[in-house]
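Below, each chain spelled out in residue letters.
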Amino acid sequence: MKIVVGLADSGIAPELEHRLLEAQRFEVRDGKVVQMHALPDTLGHGTALSKIINQYCPEAYFVLAQVIDSRGVCSLPQLRASIPWLESRSQIINLSLGLSRQDSQLELICQKARESGRVLIASSPAIGNPVYPASFDTVYAVTGDINCHPGHFNKPIIQRKVNAQANLSGCCFRSKEDQEKGKGGSSFATAHFSGWVAKAMSQGINEKQWRALLPKQKSAHPLNLLNALELLGSDK
């Protein structure tokens, strides 16, 4: 199964350009979002995230919606325009970003992507106010857990969703090694989770199956889902 991960970010690693199917820059000009040729990643954020995803699933392809500029800024209009574009080109949409404003139009866009079968994964900070799109019920919210090693997942203590009965609940993941290298936080945790989901899908493991592996409650011993995924795949 051909797996395509959509990135709404600052760019992609140059060494992964052979895995890049399409890239567009979304820029606001005169109050309107226009699509242009993507530029090299001067921020390095998307570069690092694409490498993480590739480590989990080297066979995955990418499409890039360049929405984060060299200052690390992404606007609501850019995000509104980029998600439908990614929806039509990928199965997984990695959104390692967050906006403080809740927007009904963005929520509908995420809902439509979800209804079309896309898996939306967005970053959510461990503390502070809710951010979007991670707080929407149709999006997997990922934050960091300092107790997690690479490949380990845990359940967050705080439910960040607007609706407590949300269909999709959040989960925690972070690499201590990445944190030591200045690559910690929810953005990088999101890429780890997206890479894991991509690997599951590449093995023919459907969403219901891999969701069943996710921890149901906070634990002092985070579950190694890479091992669990390997065991599940061997039973197929």
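Residues numbered from 1 in each chain as written. Predicted model: local features only at pLDDT ≥ 70, side-chain atom pairs only at ≥ 80, totals over all residues. Heavy atoms only, no water.

Things to note about the packing of aromatic side chains
- Scanning the model with the defined rule gives 7 aromatic pairs in all.
- For the pair Tyr132 and Phe136, a centre-to-centre distance of 5.2 Å together with 40° between the ring planes defines the contact as tilted. Phe136 carries the same exposure label as Tyr132, and that label is buried.
- Between the aromatic rings of Phe193 and Trp210, the centroid separation amounts to 6.1 Å while the plane-to-plane angle is 80°, which identifies the pairing as edge-to-face. With Phe193 in helix 5 (residues 186-202) and Trp210 in helix 6 (residues 207-211), this residue pair connects regions lying 17 residues apart in the sequence.
- With a relative accessible area of 0%, Trp210 lands in the buried category.
- Through successive ring pairs, a cluster of aromatic residues spans Tyr140, Phe193, Trp196 and Trp210.
- The lysine or arginine in question, Lys2, covers the ring of Tyr61, its NZ or CZ lying 5.0 Å from the ring centre. (Phe/Tyr/Trp six-rings, centres within 6.5 Å; stacked < 30°, edge-to-face > 60°. Buried < 20%, exposed > 50% of the residue type's maximum accessible area, 1.4 Å probe, protein only. Helix = DSSP H or I, 4+ residues; strand = E, 2+ residues; numbered from the N terminus. Lys NZ or Arg CZ within 6 Å of the ring centre and 35° of its normal.)

Considerations on the confidence of the model for the chain
- Residue-level pLDDT values for the chain average 85, and 84% of them are 70 or greater.
- Within the model, the stretch residues 162-169 combines pLDDT values under 50 with 21 contacts to residues more than four positions away or in other chains. (pLDDT = per-residue confidence, 0-100. Contact = heavy atoms within 4.5 Å.)

Re the side chain of Ser96
- Looking at the secondary structure, you find Ser96 in the loop between strand 5 (92-95) and helix 3 (104-115).
- Side chain to side chain, Ser96 and Asn94 meet in a polar contact 2.9 Å long.
- Within the structure, the side chain of Ser96 is placed 2.8 Å from the backbone oxygen of Ser187, a separation counted as a polar contact.
- With residues up to four places along the chain from it excluded, the contact list for Ser96 reads Asp9, His45, Leu49, Ser123, Ser187, Thr190 and Ala191. (Polar contact = N/O pair within 3.5 Å; in protein donor to acceptor, adjacent residues only side chain to side chain.)

What about the environment of Pro40?
- Along the chain, the position of Pro40 falls in the loop between strand 3 (32-36) and helix 1 (45-56).
- When the C-alpha atoms of Pro40 and Pro14 are compared, they prove to be 8.3 Å apart, with 26 residues separating the residues in sequence.

Re the pattern of salt bridges
- Evaluation of the coordinates by the stated rule reveals 10 salt bridges.
- Between Arg71 and Asp69 there is a salt bridge; the shortest N-O distance is 2.6 Å.
- Take Arg71: its relative accessible area is 66%, and that puts it in the exposed class.
- The network of salt bridges with common partners includes Arg25, Glu27 and Arg29. (Salt bridge = Lys/Arg side-chain N within 4 Å of Asp/Glu carboxyl O.)

So, unusual backbone geometry
- Cis rather than trans, the peptide bond between Tyr132 and Pro133 has omega equal to 15°.
- In this fold, Pro133 is placed in the loop between strand 6 (119-123) and strand 7 (140-143).

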